[in-house]
Amino acid sequence: MATRTLTDFEQLESIIERYFPDKFDYLKIVLAAGYSTLFINGITQPISLFLLGDPSTKKSSLLEITRNLDKVLWSDIFSPASFISGARDIEGGDLLPRLRNKCLVTPELGVLFKDRNLPQTLGLLTRLLDGFGYVRHTGFGEVGIHENVRFNWCAAIVKIQPKHWDLFGHLGHRLLFLHMENGNESVEAEEDRLVRMITEDRDYNEKLAICRNSVNNFFQNIQARYPNGVTWNTAMDNPRAKRIIVRAALMLKSLRGTIDPKDATNTIFEEPTRLTQSFYNICRGYALMHDRTHIIVNDVESVLAVMLDSAPPERKKLLLALLEQNGEIDADQYMEMSKHGYKRVLDDFTNFETLNIVEFVQDNTVKKIKLKPEFSWLLDKKILKMIKLHN
C-alpha cells in the first residue's frame, strides 16, 4: 500500500509539535491571521490579533518563530508615538510607512495597557487599525500619511483588566484575542520532561532556529506558487462556512456589548461589518495555509477560537457553560460550575439577557436561562467539536 505524502501544512505541524508540544493550534491561527492574509490580493482591512496567557504559556516563543519572515516587522518595544513621530529630516523614522503590507510583531505589549494615557492611545490605534492612514498637526506643520496603509499586528500580553473591556467598547473594538492555556501537566510529568530536556533534547535556540526555518520554507513555497499574490476564488467558498463566519461575528458582537450600568437600554454594540470581514479574512488565511483559494467548513475552526477569546472572560465562561448544558442552564448549576454566589450568577444571567444572548425560562423553582434561537447553531455537533479543540 502506497504511503501518503504529507502536505506542507502537515509537515509544518509535525516540526512545531515536536519542539513546542501543544502549541501549533495557536501558532497556525497567528500565522493565518497575521501573515497568510498578506498574500491575498484585495484585502485592505488590518487585522490585529493579540495572544493572552501566563508567562509559562510560551506566547513570546511562538511569536519568535515568526521573527525572520520576510513580511514581519519585529519591534521589542512599542510606543504609540513611533507610528507617526513628527520628527523632521529623519529618513525612515516613522513606523507607519514601513508597515505597508507587513505584519508588526510585538512580543510584549503589557506596557501599553499600563499607560495612564491608554484612552488616547486606543483612540490612535482605532484610527490606525481602520487602515486609512493617519494625519496630525504639530508645531512643524502636518505630519502623517493620507493614503491607506494595510498592515497586520500580532502581539502578546498577560491579561486584559476588566475595566479595559468597557474602554474598548466605547472607542470601537478593533482588537482580537487568542488565549493560550497552561498545560495540565502533573508534577511528575513536568519533572520527566525537564530531565529529558537536559539529557537528550536540543538547546532552546536550536529548536527555535529549526522552527523558524520551517515556517520560512512554508511561506516561501506559498510565495513561489503565487508570485503575483492570491486571487481569491469567492465563487468556490462554501456557503455554510460563510454563514458560520457571519454568525460568529454576530455572536461576538453580543458578547462584547458595553452595558450602561445606569440604563441597560443604552447598551452599545459594535457594528458587525468589520468583525465579519476580519473573520472572513482569517478563514481565508487559514485556507491558504492548506493550499486552497476558497474556504470550507473546517476553516471556521480558526475564527471560533478567536470569537470566544475576544470576549470578556466571564462572558466566555457563561457561554461555554451554556454550551456544555445543551443551551440551557439554571442558577444552581452555574453557581456550582463558576463558584460564584447567587447574586453574581443572577447578575451574569441578567447581563446575558441585556446582550440579547439568552432569555429567561419560566420556572417557579429556580432562575434559568436558555440560548436564543439565533445562537442555537453553536450546539451543532461539528461546531461544538471545533470549540472544544481550543477550550
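Our structure's up above, just so we're on the same page.
Basis of the calculations
Residues numbered from 1 in each chain as written. Predicted model: local features only at pLDDT ≥ 70, side-chain atom pairs only at ≥ 80, totals over all residues. Heavy atoms only, no water. Buried < 20%, exposed > 50% of the residue type's maximum accessible area, 1.4 Å probe, protein only. Helix = DSSP H or I, 4+ residues; strand = E, 2+ residues; numbered from the N terminus. Pairing = 2+ DSSP bridges. Phe/Tyr/Trp six-rings, centres within 6.5 Å; stacked < 30°, edge-to-face > 60°. Lys NZ or Arg CZ within 6 Å of the ring centre and 35° of its normal. Axes fitted to C-alpha atoms, helices over the stretch in contact; angles between N-to-C directions. Parallel < 35°, antiparallel > 145°, perpendicular 65-115°, else oblique. Left-handed = near helix turned anticlockwise from the far one by under 90°. Contact = heavy atoms within 4.5 Å. Nonpolar A, V, L, I, M, F, W, Y, C, P; charged D, E, K, R; others polar.

Enquirer: Help me understand the pairing of strand 1 (residues 47-52) in this model?
Expert: Working note: regular strand, side chains alternate between the two faces of the sheet. With six of its six residues buried, strand 1 lies for the most part within the structure. Of the two faces of strand 1, the one lined by Ile47, Leu49 and Leu51 and the one lined by Ser48, Phe50 and Leu52 are each fully buried. Note that strand 1 and strand 6 (residues 152-157) share six bridges and pair parallel. Residue pairing for strand 6: Ser48 is matched across the bridge by Trp153. Bridge analysis of strand 1 against strand 7 (residues 176-179) gives four bridges, and the strand direction is parallel. From the neighbouring strand, Phe50 faces strand 7, where its bridge partner is Phe177.

Enquirer: In this structure, what is going on with unusual backbone geometry? I would like to understand it.
Expert: Apart from glycine, the bulk of residues carry a negative phi angle, and the bulk of peptide bonds sit in the trans form. You will see that Asn101, though not glycine, has its phi angle at about 60°, which is positive. A relative accessible area of 41% means that Asn101 is categorised as partly exposed. Look at Lys339: it is not a glycine, yet its phi comes out positive at around 65°. Within the fold, Lys339 resides in the loop between helix 13 (331-338) and helix 14 (342-354). For Lys339, a relative accessible area of 63% translates into the label exposed.

Enquirer: Would you explain the packing of aromatic side chains in this entry?
Expert: For any pair of aromatic rings, the description rests on two quantities: the centre-to-centre distance and the angle between the ring planes. The final tally for this structure, using the stated rule, is eleven aromatic pairs. For the ring pair Phe9 and Tyr286, a centre distance of 6.5 Å and an interplane angle of 70° mean the geometry is edge-to-face. Placement of Phe9 in helix 1 (residues 8-19) and of Tyr286 in helix 10 (residues 272-289) is noted, with a sequence separation of 277 residues between them. The exposure class of Phe9 is buried, given its relative accessible area of 8%. When the centroid spacing of 5.6 Å and the interplanar angle of 70° are considered together, the rings of Trp165 and Phe177 count as edge-to-face. Linking Trp165 in helix 6 (residues 162-171) with Phe177 in strand 7, this pair joins segments that are twelve residues apart in sequence. With respect to burial, Trp165 and Phe177 carry one shared label: buried. Feature note: the residues Tyr35, Phe39, Phe218 and Phe219 constitute an aromatic cluster, connected by ring pairs. Sitting over the face of the ring of Phe269, Lys253 holds its NZ or CZ atom 5.8 Å from the ring centroid.

Enquirer: For this particular structure, what's the right way to read the packing of helix 10 against helix 11 (residues 301-309)?
Expert: In a pair of packed helices, the angle between the axes and the distance between the axes together describe the arrangement. Put simply, helix 10 and helix 11 touch, their axes get as near as 8 Å, and they point 140° apart. Here helix 10 is positioned oblique relative to helix 11, judged by the angle of their axes. The two elements helix 10 and helix 11 meet at a crossing, and its hand is right-handed. Of helix 11, the residues touching helix 10 (which contributes Phe279, Ile282, Cys283 and Tyr286) are Glu301, Ser302, Val303, Val306 and Met307. Tallied by class, residues from the contact of helix 10 with helix 11 come to seven nonpolar, one polar and one charged.

Worth remembering: the numbers are spatial, not functional.
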